[in-house]
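Coordinate inspection notes
In case you want the letters, here they are:
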Amino acid sequence: MRLLEDVGRDYRRFRHSPEERLFLANIGCQFVNSSNVSAVCRFAEYPQDLIIRFINGSVYRYIGLSNKYDVMLNANSKGRWVWDNLRGRVKGQHKVPY
């Protein structure tokens, strides 16, 4: 991932290379430009769940929250959305081995 030029921001977002975008698309994920979140996914094997891949490579499955997929993609800050809506507030999150 490449660091984006974020003039006047306290944080830095990352941009995926074409290879990373292809990899994420092949596993069913939508990449995002964020300082914290790498991609948002909905997998066929977990149709009711929201899957979030973070910049550090960890992947979490939020059970029963697939209806939040579009809401998260439309958020100005994906990391802030995760922090405000998911982190520590949602029961039934599982680390996924992807």
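Residues numbered from 1 in each chain as written. Predicted model: local features only at pLDDT ≥ 70, side-chain atom pairs only at ≥ 80, totals over all residues. Heavy atoms only, no water.

Turning our eyes to something else, we now look at the overall build of the protein. Helix and strand counts for the protein come out as 3 helices and 7 strands. Order of helices (α) and strands (β) in the protein, N terminus to C terminus: β-β-α-β-β-β-β-α-α-β. With 98 residues in all, the protein has 37% of them scored as buried. Counting every atom, the protein has about 6300 Å² of accessible surface; 46% of that belongs to carbon and sulfur. (Helix = DSSP H or I, 4+ residues; strand = E, 2+ residues; numbered from the N terminus. Buried < 20%, exposed > 50% of the residue type's maximum accessible area, 1.4 Å probe, protein only. Areas by Shrake-Rupley, 256 points an atom, 1.4 Å probe, with all protein chains shown as cover.)

Bridging between strand 5 (residues 50–54) and strand 6 (residues 59–62) involves 4 bridges; their strand directions are antiparallel. Bridged to Ile52 within strand 6 is Tyr60. Remark: 4 residues form the turn of the hairpin made by strand 5 and strand 6, two consecutive strands paired antiparallel; Gly57 in that turn has positive phi of roughly 95°. (Pairing = 2+ DSSP bridges.)

With that settled, consider the state of the cysteines. For the structure on display, the rule yields 1 disulfide. Shown here is the disulfide that connects Cys29 with Cys41, its sulfur atoms set 1.9 Å apart. The S-S bond linking Cys29 to Cys41 shows a torsion near 95°; that makes this disulfide right-handed. Remark: Cys41 occurs in strand 4 (residues 37–41) and Cys29 occurs in strand 3 (residues 29–31); sequence separation between them is 12 residues. This pair shows no difference in class: Cys29 is buried, exactly as Cys41 is. (Disulfide = S-S within 2.5 Å.)

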